[in-house]
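Letter by letter, the chains look like this.
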Amino acid sequence: MKPNIYIIMLAVDDLDRSLIFYQNGLGLGQAIHSGDHILFELQGELTLVLFLRTEFNKTAGQTDSSYRYSSISLSYRADSRQEVDEILQKAVTSGGSLPSEPQEHDWGYNGYFKDPDGHLWEIAYFYV
């Protein structure tokens, strides 16, 4: 059996702030807002769901919502070095932060940003 991941769910503290960030910072377009979560339909039947942290914790049976460092990163493939820089800049102007400067590698160029809730995103351009 081959796994089929079709939903990425991120716990967020403020749905309105996150909606603005993901629409303006990443340009994800229209969203479906449904009370305690926001849904973005992405390519290939993939869906990004931003779930209000308090409700996410109840659903997942978590009591500790403390977090400071992201244990995973989500990656976005850019078409050029310029697009990497543009996306990083949009993320910062929309409320995100850069944990480090973009870097050149033998395989390509990448940089990271954190969304307003600390979720880590990589923006990468591959030379091949």
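Scroll up for the structure.
Residues numbered from 1 in each chain as written. Predicted model: local features only at pLDDT ≥ 70, side-chain atom pairs only at ≥ 80, totals over all residues. Heavy atoms only, no water.

Caption draft 1: The arrangement of the sheet that holds strand S2 (residues 32-33) in detail. Ordered by their spatial adjacency, 4 strands build an open sheet running S1-S4-S3-S2, and the pairing between neighbours is mixed. Two strands close off the open sheet at either side, each with one partner strand: strand S1 (7-12) and S2. Pairing between S1 and strand S4 (residues 47-52): 6 bridges, direction parallel. Bridge pairing links Val12 to Leu52 in S4. Taken strand by strand, helix H1 (residues 15-25) contacts S1, S2, strand S3 (37-41) and S4, and its axis lies near 15° from that of S3. The strands touched by helix H2 (residues 53-60) are S1 and S4; relative to S4, the strand with the most contacts, the crossing angle is about 100°. (Pairing = 2+ DSSP bridges. Helix = DSSP H or I, 4+ residues; strand = E, 2+ residues; numbered from the N terminus. Contact = heavy atoms within 4.5 Å. Axes fitted to C-alpha atoms, helices over the stretch in contact; angles between N-to-C directions.)

Caption draft 2: Representation of the packing of aromatic side chains within the structure. Counted under the stated rule, the structure contains 8 aromatic pairs. Centroid distance Phe113 to Trp121: 6.3 Å. Interplanar angle 5°. Geometry classified as stacked. Phe113 sits in the buried class, given a relative accessible area of 0%. (Phe/Tyr/Trp six-rings, centres within 6.5 Å; stacked < 30°, edge-to-face > 60°. Buried < 20%, exposed > 50% of the residue type's maximum accessible area, 1.4 Å probe, protein only.)

Caption draft 3: The nonpolar core, seen in detail. Ranked by size, the top nonpolar core spans 21 residues in total, and within it Tyr22, Leu50, Phe113 and Trp121 carry the most contacts. Within the residue set of this core, elements represented by two or more residues are S1, H1, S3, S4, helix H3 (81-93), strand S7 (108-114) and strand S8 (120-126). In this view, Leu50 contacts Leu10, Val12, Leu15, Ser18, Tyr22, Asp36, His37, Ile38 and Phe40; residues no more than four positions away in its chain are not counted. (Core = buried A, V, L, I, M, F, W, Y, C linked by side-chain atoms within 4.5 Å.)

Caption draft 4: A look at the pattern of salt bridges. For the coordinates displayed, the defined rule picks out 4 salt bridges. Its salt-bridge partner being Arg53, residue Asp13 comes within 2.8 Å of it at the nearest N-O pair. You can see Asp13 sitting in the loop between S1 and H1 and its partner Arg53 sitting in helix H2, a full 40 residues away along the chain. By relative accessible area, Asp13 is classed as partly exposed at 40%. According to the relative accessible area criterion, Arg53 is buried, its value standing at 11%. (Salt bridge = Lys/Arg side-chain N within 4 Å of Asp/Glu carboxyl O.)

Caption draft 5: Local environment of the sheet that holds strand S6 (residues 103-104). The 4 strands lie next to each other as S5-S8-S7-S6, forming an open sheet whose pairing is mixed. Edge positions in the sheet fall to strand S5 (73-77) and S6, since each has one partner strand and no second. Both S6 and S7 contribute to a ladder of 2 bridges, which runs antiparallel. Residue pairing in the sheet places Gln103 in a bridge with Asn110 of S7.

Caption draft 6: Local environment of the side chain of Asp117. In this fold, Asp117 is placed in the loop between S7 and S8. Accessibility expressed as a relative area gives 2% for Asp117, which makes it buried. Polar side-chain contacts of Asp117 include one of 2.9 Å to the side chain of Arg17. (Polar contact = N/O pair within 3.5 Å; in protein donor to acceptor, adjacent residues only side chain to side chain.)

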